[in-house]
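Given next are the chains, with one letter for each unit.
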Amino acid sequence: WLKSGVAGCTDQAVVSLILLGMCNKLVEPDSHSEELLLSWEDLLDTLQSDHRSVSLIEQILTAGQANDKSANDSYLAYLLLLDVKAHGSSQHALRQLGYVVNDNKVLSFAGNRFVYTTDSAMLDMLALALCDYVQLELIDRFRFHWVRFPSAASAMQSPNAFRREKLICLIQGAGNVRPGLWSCNVALDEGVEQGSMLPYVKACKDFGIGLVLANPNEDRRGRDLHIDEILSWVCGNYANSCVSIVCHSAGVVGALNTLLRHQELFVNKVEHLYLCDPAGLDWEGLRDQLPGPLSSRCTVLLSASETA
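Conventions and cut-offs
Residues numbered from 1 in each chain as written. Predicted model: local features only at pLDDT ≥ 70, side-chain atom pairs only at ≥ 80, totals over all residues. Heavy atoms only, no water. Helix = DSSP H or I, 4+ residues; strand = E, 2+ residues; numbered from the N terminus. Contact = heavy atoms within 4.5 Å. Areas by Shrake-Rupley, 256 points an atom, 1.4 Å probe, with all protein chains shown as cover. Buried < 20%, exposed > 50% of the residue type's maximum accessible area, 1.4 Å probe, protein only. Arc of directions from axis to C-beta. Salt bridge = Lys/Arg side-chain N within 4 Å of Asp/Glu carboxyl O. Pairing = 2+ DSSP bridges. Axes fitted to C-alpha atoms, helices over the stretch in contact; angles between N-to-C directions. Parallel < 35°, antiparallel > 145°, perpendicular 65-115°, else oblique. Left-handed = near helix turned anticlockwise from the far one by under 90°. Nonpolar A, V, L, I, M, F, W, Y, C, P; charged D, E, K, R; others polar. Core = buried A, V, L, I, M, F, W, Y, C linked by side-chain atoms within 4.5 Å.

A. Expanded view of the overall build of the protein. In terms of helices and strands, the protein carries 16 helices and nine strands. Contacts in the protein between residues far apart in sequence, at least 24 positions, make up 71% of those at least 6 positions apart. Here the protein has roughly 15200 Å² of accessible surface; of this, 51% comes from carbon and sulfur atoms.

B. Representation of helix 10 (residues 198–207) within the structure. Within the span of helix 10, buried status applies to Leu-198, Val-201 and Cys-204. Mapping the buried residues of helix 10 onto a view down its axis gives an arc of 125°, with all of them on the same face. Facing away from the buried side of helix 10 by over 90 degrees, the exposed positions are Asp-206 and Phe-207. In this structure, the buried side of helix 10 is in contact with helix 7 (120–142), strand 5 (167–171), helix 9 (192–195) and strand 6 (210–213). Gly-208 occupies a position one or two residues after helix 10 and carries a positive phi of about 70°.

C. How the structure looks around the pattern of salt bridges. Overall, the coordinates contain seven salt bridges when judged by the stated rule. In this structure, Arg-221 engages Asp-219 in a salt bridge whose closest nitrogen and oxygen atoms are separated by 2.8 Å. Here Arg-221 falls in the partly exposed class, since its relative accessible area comes to 35%. Relative accessible area serves as the criterion here: at 10%, Asp-219 is assigned to the buried category. Glu-229 is paired through a salt bridge with Arg-221; the nearest N and O atoms lie 2.6 Å apart. Put simply, Asp-219, Arg-221 and Glu-229 are held in one network by salt bridges that share partners.

D. Here's a closer look at the sheet that holds strand 5. What the seven strands build is an open sheet, ordered 3-4-6-5-7-8-9; its pairing is mixed. Whereas interior strands pair on both sides, the edge strands pair on one side only; in this sheet they are strand 3 (145–148) and strand 9 (298–301). Geometrically, the sheet is characterised by an average inter-axis angle of 20° between neighbouring strands, direction not taken into account. When strand 4 (residues 154–157) meets strand 6, the two strands line up antiparallel, connected through two bridges. Directly across from Met-156, in strand 6, lies its bridge partner Leu-213. In this fold helix 7 packs onto strand 3, strand 4 and strand 6, with an angle of close to 45° to the strand it touches most, strand 4.

E. Up close: the packing of helix 11 (residues 223–237) against helix 12 (residues 250–261). Direction vectors running N to C along helix 11 and helix 12 enclose 60°, while the axes themselves pass 9 Å from each other. Classed by the angle they form, the pair helix 11 and helix 12 counts as oblique. Here helix 11 and helix 12 pass one another in a crossing that is right-handed. Contacts from Arg-223, Asp-224, Ile-227, Asp-228 and Leu-231 in helix 11 reach Ala-250, Gly-251, Gly-254, Ala-255, Asn-257, Thr-258 and Arg-261 in helix 12. Residues of the contact of helix 11 with helix 12, tallied by class, amount to four nonpolar, four polar and four charged.

F. Here's a closer look at the pairing of strand 3. Relative to strand 4, strand 3 runs antiparallel, the two being bridged by four bridges. Residue pairing across strands places Trp-146 opposite Met-156, the latter belonging to strand 4. Hairpin geometry of strand 3 and strand 4 is characterised by an intervening segment of five residues between the two adjacent antiparallel strands and by a positive phi of about 85° at Ala-152.

G. Region of the structure containing the nonpolar core. Ile-171, Val-212 and Ile-245 are the most contacted members of the largest nonpolar core, which has 36 residues in total. Per-element tally for this core: the top contributor is helix 11, with six residues. Apart from the residues within four sequence positions on either side, Val-212 is in contact with Ala-155, Met-156, Gln-157, Phe-162, Leu-167, Ile-168, Cys-169, Leu-170, Ile-230, Trp-233 and Val-234. Leu-123, Cys-131, Cys-204 and Leu-213 belong to the second largest nonpolar core, which has 33 residues in total.

H. View of the environment of Val-106. Within the secondary structure layout, Val-106 lies in strand 2 (residues 105–108). Classification of Val-106 by relative accessible area gives buried; the value is 2%. For the pair Val-106 and Leu-188, spaced 82 residues apart in the sequence, the C-alpha separation amounts to 6.1 Å.

I. Quick peek at the side chain of Gln-157. Residue placement: Gln-157 occurs in strand 4. Residue Gln-157 is classed as buried on the basis of its relative accessible area of 10%. With residues near it in sequence (within four places) discarded, Gln-157 still touches Arg-143, Phe-144, His-145, Val-147, Phe-162, Leu-211, Val-212 and Trp-233.

On their own, these measurements won't tell you what the molecule is for.
Written out as structure tokens, the structure is:
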């Protein structure tokens, strides 16, 4: 099946490298013998230098699988395709831990699915690698950039966010989540898009809405001071009165505390406040303290698990 796939490819030099690397894997997948003609890392480095490599591998996969549906053989080419796509890309941090994102799923190089681990240290590293992946996706695909403040606080902003007719600020909860990621567990279990802000970002881009992503978990001053600064900056610099705030879990309390402290700033700026999964937090009392105009603009959104 592999020969039939290669037959239609014209760049024989690249094809030869692909075949050589796959033969090494086929013969001794765990070998560190110096007798191998080309190491796996050398193969990837070589393939990365030629931008046509990934499309060529895809050609081989398509033509080969059309002739033979052998799962084991095609999976070797599949792993190579994933590894080349990840090499030197937004998936670099994930790849260092032995994982890759493909078709919205986090997969292990050791198998075709994510194997959940109870190792808390590994989960922490994996969460941060996922954050790194999502943030690089935001920068590469959606042209986001970092905004740094004198206080050492930081946030991410979409292109020309403050010139848009509407502006939304997204605030994640506590833990190992950063701008772009709502929940590491959901991203691992259900899919990267389900656990990240990427679908929100795409929708806002399509509708021409500006976005600011807060970063409270990396602010040494604490969550409340960070959200205080970011929301004050957003509402103080945005000319329109069409700011919406979407906050999740612990971000709900931080946002409500900020609105209570600076009612005069937000009452004419905040169009709507979405409180996502605040159950178990002391949020109802805070919401009830908001002045009427702000309180009436609050919507509580509960996931299925929270509702249960």
